[in-house]
Amino acid sequence: MCMGLYGLSAKCETPHKFTGGYLKYYSKQVENEDIACKFIESLKSGTYDNSGNVNFGSNSHKSAISKTTGGQKFFLVLFMFSTTFLGWYGAMLRKRVISDATLQAATSAHAA
């Protein structure tokens, strides 16, 4: 049971100078060790609470949430204008289709 749990667990052993045993048997874990170490560091810094939920009150999250890049702002504005334009264009097309259908019905009624 212990070997099974150890085999499935994330490994962050190199920073602690444990460079022995598991390297032979868990090659996939060696590839993911950097990710596992970063995740464990995020747990230590208070990113998650005891139940595993994201802790938005932690200092590490506040800095990550409040920073936006210039590219993010540019694309946000671009998507806002694109959405507004597409909404306006859709409404204009709908109005045109309805008026064309009304005009076509009126001309066919006069022709009959």
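On a predicted model such as this, the values are computed, not experimentally measured, just so you know. (Residues numbered from 1 in each chain as written. Predicted model: local features only at pLDDT ≥ 70, side-chain atom pairs only at ≥ 80, totals over all residues. Heavy atoms only, no water.)

### Quick word on the overall build of the chain
Thinking step 1. Along the backbone of the chain there are six helices and zero strands.
Thinking step 2. Traced from its N-terminal end to its C-terminal end, the chain shows the element sequence α-α-α-α-α-α.
Thinking step 3. The burial tally for the chain puts 13% of its 112 residues in the buried class.
Thinking step 4. Here the analysis covers contacts within the chain between residues at least 6 apart in sequence; of these, 9% occur between residues at least 24 apart.
Thinking step 5. A total of about 9400 Å² of accessible surface is found on the chain, and carbon and sulfur atoms cover 66% of it. (Helix = DSSP H or I, 4+ residues; strand = E, 2+ residues; numbered from the N terminus. Buried < 20%, exposed > 50% of the residue type's maximum accessible area, 1.4 Å probe, protein only. Contact = heavy atoms within 4.5 Å. Areas by Shrake-Rupley, 256 points an atom, 1.4 Å probe, with all protein chains shown as cover.)

### A look at the confidence of the model for the chain
Detail in the predicted coordinates should be disregarded across regions flagged by low pLDDT.
Thinking step 1. Looking at the chain as a whole, its pLDDT mean stands at 76, while 71% of the residues score no less than 70.
Thinking step 2. The secondary structure element of the chain with the lowest average pLDDT is helix α5 (residues 59-66), at 52, and the one with the highest is helix α6 (residues 70-111), at 88. (pLDDT = per-residue confidence, 0-100.)

### Description of the packing of aromatic side chains
Thinking step 1. Scanning all chains against the criterion turns up four aromatic pairs.
Thinking step 2. Measuring from ring centre to ring centre gives 5.8 Å for F85 and W88, while their planes differ by 35°; the resulting arrangement is tilted. On the criterion of helical spacing, the pair formed by F85 and W88 is a turn pair, its members being three residues apart in helix α6.
Thinking step 3. Summarising the aromatic geometry, the rings of F85 and Y89 are spaced 5.9 Å apart at their centres and angled 15° between planes, so their arrangement reads as stacked. Within this pair, F85 and its partner Y89 are both found in helix α6, separated by four residues, close to a single helical turn.
Thinking step 4. Taken together, the ring pairs in this structure connect F74, F75 and F79 into an aromatic cluster. (Phe/Tyr/Trp six-rings, centres within 6.5 Å; stacked < 30°, edge-to-face > 60°.)

### Re a nonpolar patch on the surface
Thinking step 1. On the surface, a nonpolar cluster with roughly 530 Å² of combined accessible area is contributed by F85, L86, W88, Y89 and L93.
Thinking step 2. Judged by its relative accessible area of 48%, F85 falls in the partly exposed class. (Patch = residues over 30% accessible without salt bridge, like charges linked within 9 Å, V, L, I, M, F, W, Y side chains within 5 Å. Salt bridge = Lys/Arg side-chain N within 4 Å of Asp/Glu carboxyl O.)

### Looking at helix α4 (residues 33-44)
Thinking step 1. Look at α4: 16 Å from first C-alpha to last across twelve residues, which is about the 16 Å you get at 1.5 Å a residue.
Thinking step 2. Of the positions making up α4, those classed as buried are E33, A36, C37 and S42.
Thinking step 3. Immediately downstream of α4, the backbone of G46 shows phi near 90°, a positive value. (Expected span 1.5 Å × (residues − 1).)

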